[in-house]
Structure formats: structure tokens, C-alpha cells
Amino acid sequence: MSLGVLAAAIAVGLGALGAGIGNGLIVSRTIEGIARQPELRPVLQTTMFIGVALVEALPIIGVVFSFIYLGR
């Protein structure tokens, strides 16, 4: 196993770990906000989905960069 494959695996793994932590924080804060002010649920959910989509884009970009690096 070459060091390039190991580097790509670490990059993808850390990207997934960061996204998991970020998504957990986003969803927990949204649930906390809905518990405090239930009338704001639609606004908070919309903002949550946008935030989750942005956070999920980063591991996908990491996978793409890893594939590009491995293809060299």
C-alpha cells in the first residue's frame, strides 16, 4: 500500500468525521431552538437543511480531490 493511498484514506476519513460532528451540532442546535420557540420551526428547519447541505459538500469535495490525487 502506497503512502498516496493512505493519505487519500485519511483525507476522506477526516472529512467524514468533521461532517458528522458538524451535522450533529447543527441538528442539536436546531432541536434546541425549536424546543424554545416552536413557532419558528419552519424557519429553523429551512436554515438547518441549508447548513447540513453545505457541511455535506465538504466531504464530497474531499473524495473528489482524493480521486484526483490517486489518478496522478
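Residues numbered from 1 in each chain as written. Predicted model: local features only at pLDDT ≥ 70, side-chain atom pairs only at ≥ 80, totals over all residues. Heavy atoms only, no water.

Our working rule: UniProt positions are given in the numbering used here, feature names are shortened, and annotations may be inferred rather than shown by experiment.
The name recorded for the protein chain in UniProt is ATP synthase subunit c, from Bacillus sp.. Quoted verbatim from the Subcellular location field of UniProt, the annotation for the protein chain is "Cell membrane". Among the UniProt annotations of the protein chain, the heading Sequence similarities holds the following wording: "Belongs to the ATPase C chain family."

## Observations concerning the overall build of the protein chain
Cut-off, in case you're wondering: A run of H or I in DSSP becomes a helix once it reaches four residues, and a run of E becomes a strand once it reaches two; helices and strands are each numbered from the N terminus. Our radius of gyration looks at C-alpha atoms and nothing else; its globule reference is 2.2 Å times the residue count to the power 0.38. With a 1.4 Å probe rolled over the protein chains alone, any residue whose accessible area is under 20% of its type maximum counts as buried; one over 50% counts as exposed, and the rest are partly exposed. To be clear on the numbers: accessible area is Shrake-Rupley with a 1.4 Å probe, and residue cover counts the displayed protein chains and nothing else.
What the protein chain contains, in helices and strands, is 2 helices and 0 strands. Relative to its length of 72 residues, the protein chain is extended, with a C-alpha radius of gyration of 17 Å against a globular reference of 11 Å. Evaluated residue by residue, the protein chain yields a buried proportion of 15% over its 72 residues. In the form shown here, the protein chain has an accessible surface area of approximately 5300 Å², with 75% of it arising from carbon and sulfur atoms.

## As for a nonpolar patch on the surface
Defined as follows: Any residue with relative accessible area above 30% and no salt bridge may belong to a patch, with like charges joined within 9 Å and the nonpolar Val, Leu, Ile, Met, Phe, Trp and Tyr side chains within 5 Å. What makes a salt bridge here is a side-chain nitrogen of Lys or Arg within 4 Å of a carboxyl oxygen of Asp or Glu, nothing more.
On the surface, a cluster of nonpolar side chains totalling about 710 Å² of accessible area is made up of Leu 3, Leu 6, Ile 10, Leu 14, Leu 17, Ile 21 and Leu 25. With respect to the secondary-structure elements, Ile 10 resides in helix H1 (residues 3-36). When its relative accessible area of 46% is taken as the criterion, Ile 10 is described as partly exposed.

## Here we look at the pattern of salt bridges
Applying the stated criterion to the full structure yields 1 salt bridge. Across the pair Glu 32 and Arg 36 runs a salt bridge, and its minimum N-O distance is 3.4 Å. Of the two residues, Glu 32 and Arg 36 are both situated in helix H1; the distance of 4 residues between them amounts to about one turn of the helix. For Arg 36, a relative accessible area of 65% corresponds to the exposed category.

## Description of the UniProt feature "transmembrane region" in the protein chain
Mapped onto this numbering, the UniProt entry gives "transmembrane region" at residues 1-21 and 48-68. Structurally, residues 48-68 is divided into 100% helix and 0% strand, and its ends, taken at the C-alpha atoms, are 31 Å apart.

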